[in-house]
Amino acid sequence: MEASASGRARRGWRRSRAAGSPLSRAAVVLVFSALVLRATPSVGYLARLPRGIRLTQDSMKIVGSPNFPVKVYVMLHQKSPHVLCVTQRLRNSELIDPSFQWHGPKGKIISENSTAQVTSTGSLVFQNFEESMSGVYTCFLEYKPTVEEVVKNLQLKYIVYAYREPQYYYQFTARYHAAPCNSVYNVSFEKKLLQILSKLVLDLSCQVFLLKSECHRVKMQRAGLQNELFFTFSVSSLDTEKGPNPCADHSCGSSKRLSKAKNLIERFFNQQVEVLGRRAEPLPEIYYIEGTLQMVWINRCFPGYGMNILKHPKCPECCVICSPGSYNSRDGIHCLQCNSSLVFGAKACL
């Protein structure tokens, strides 16, 4: 199969020499570079906890505290852990005739509620957590320690936060020797380059975007002017928060797939240098300039969300919904202080 692909590439090379256009000669270099790369097998979509969250065996069942509100983190559009209406001590004790009642931001929660349900044992469970469900939830428990004792009352508070994974991606720049800046060959080459890069990372469930493309005339040291294309791309993982196909393999996490995509892209540009170095013919008019590839890791949160390791130590790399008194208006990393903000998830300070 590989020999067949190489044969097709060689035939395309001979045709390109006959055609002689700058685009054809440059495209052959791209095709040769892409042929030598083999992406990893396709990976499934992932419904998961974020890579930074710190879990214990009881993470899916959360108990309250009589001394302070307990923080609960629920990924957007996912099912929540079971929030129990007991403390750790009472969880291991016998309760006689227990009665549970839950109240949330919108009032009393009934067991028939489609989105927030109370189980027969008093646990609160969210089925499809929405941003608007974030807030303070209070459980009222009545019980007898023994049949002979009087009824006791307990009130437990929880602060439930929606969170999302960060918008992490790589931004990379590269420069190419170009045809004259008004040449149609540059435009066609740009489309071909984006097409090849997109196919390169497709099996990793990643996508490449062209953020900027500019052509400039550059004065070289001890040389004349030359035309160069300046490209800025981004490579990001496809949105899997609502993905229907869960994946239990940690190797298909967004950060893992992006790391593999980064390696493929770097190899692709390095391969272009190697292909050009083996050529006996003159360089094509459009070709990659060695050493100009630069890749930068970018972390961003969606508007209304932010990271705060001090406030959310159990979810340090999560983009947690901004609490009242804070906001994030754009794709920054942190929620900023805003005393006039009275809601969860504020995107502006009014």
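This is a predicted model, so every value here is computed, not measured.

Along the protein, the regular secondary structure elements total five helices and 18 strands. A buried classification covers 44% of the 350 residues belonging to the protein. Split by element, the accessible area of the protein, about 19,000 Å² in all, is 53% carbon and sulfur.

With that settled, the discussion passes to the state of the cysteines. Applying the stated criterion to the full structure yields six disulfides. In this model Cys-181 forms its disulfide with Cys-215; the gap between the sulfur atoms is 2.1 Å. Judged by the sign of its S-S torsion, about -75 degrees, the cystine formed by Cys-181 and Cys-215 is left-handed. Linking Cys-181 in the loop between strand 10 (169–177) and helix 4 (184–202) with Cys-215 in strand 11 (residues 206–219), this pair joins segments that are 34 residues apart in sequence.

Between the first and last C-alpha of helix 4 there are 27 Å, a value that for 19 residues agrees with the 27 Å anticipated at 1.5 Å per step. Within the sequence span of helix 4, burial applies to Asn-186, Phe-189, Leu-193, Ile-196, Leu-197, Leu-200 and Val-201. The arc that holds the buried residues of helix 4, viewed along the axis, is 120 degrees, so those residues lie on one side. Projecting away from the buried face of helix 4 at angles above 90 degrees are the exposed residues Val-184, Lys-191, Lys-199 and Leu-202. Residue Ser-183 occupies the N-cap position of helix 4, its side-chain oxygen lying 3.1 Å from the main-chain nitrogen of Tyr-185.

The subject of this paragraph is the confidence of the model for the protein. Here the protein averages 83 in pLDDT, while 78% of its residues score no lower than 70. Segment residues 38–58: pLDDT under 50, and 61 contacts once partners within four positions in sequence are set aside and those in other chains are kept. With pLDDT under 50 throughout, residues 241–250 is counted as low confidence; its partners more than four residues away or in other chains account for 17 contacts.

Moving on to the packing of aromatic side chains. For the structure shown, the criterion picks out 16 aromatic pairs. Where Phe-231 meets Phe-233, the ring centres are 5.7 Å apart and the plane angle is 35 degrees; that geometry is what we call tilted. A relative accessible area of 2% means that Phe-231 is categorised as buried. Consider the rings of Phe-268 and Phe-269, whose centres lie 5.3 Å apart with planes at 75 degrees: the pair is edge-to-face. A residue is classified by how much of its surface remains accessible, and Phe-269, at 0% relative accessible area, is buried. Among the aromatic residues, those joined into a ring-pair cluster are Phe-172, Tyr-176, Phe-189, Phe-231, Phe-233, Phe-268, Phe-269 and Tyr-288. Above the ring of Phe-302, the side-chain terminus of Arg-164 is found at 3.6 Å from the ring centroid. When the ring centre of Tyr-305 is taken as origin, the NZ or CZ atom of Arg-164, which lies over that ring, is 5.8 Å away.

Conventions and cut-offs
Residues numbered from 1 in each chain as written. Predicted model: local features only at pLDDT ≥ 70, side-chain atom pairs only at ≥ 80, totals over all residues. Heavy atoms only, no water. Helix = DSSP H or I, 4+ residues; strand = E, 2+ residues; numbered from the N terminus. Buried < 20%, exposed > 50% of the residue type's maximum accessible area, 1.4 Å probe, protein only. Areas by Shrake-Rupley, 256 points an atom, 1.4 Å probe, with all protein chains shown as cover. Disulfide = S-S within 2.5 Å. Expected span 1.5 Å × (residues − 1). Arc of directions from axis to C-beta. Polar contact = N/O pair within 3.5 Å; in protein donor to acceptor, adjacent residues only side chain to side chain. pLDDT = per-residue confidence, 0-100. Contact = heavy atoms within 4.5 Å. Phe/Tyr/Trp six-rings, centres within 6.5 Å; stacked < 30°, edge-to-face > 60°. Lys NZ or Arg CZ within 6 Å of the ring centre and 35° of its normal.

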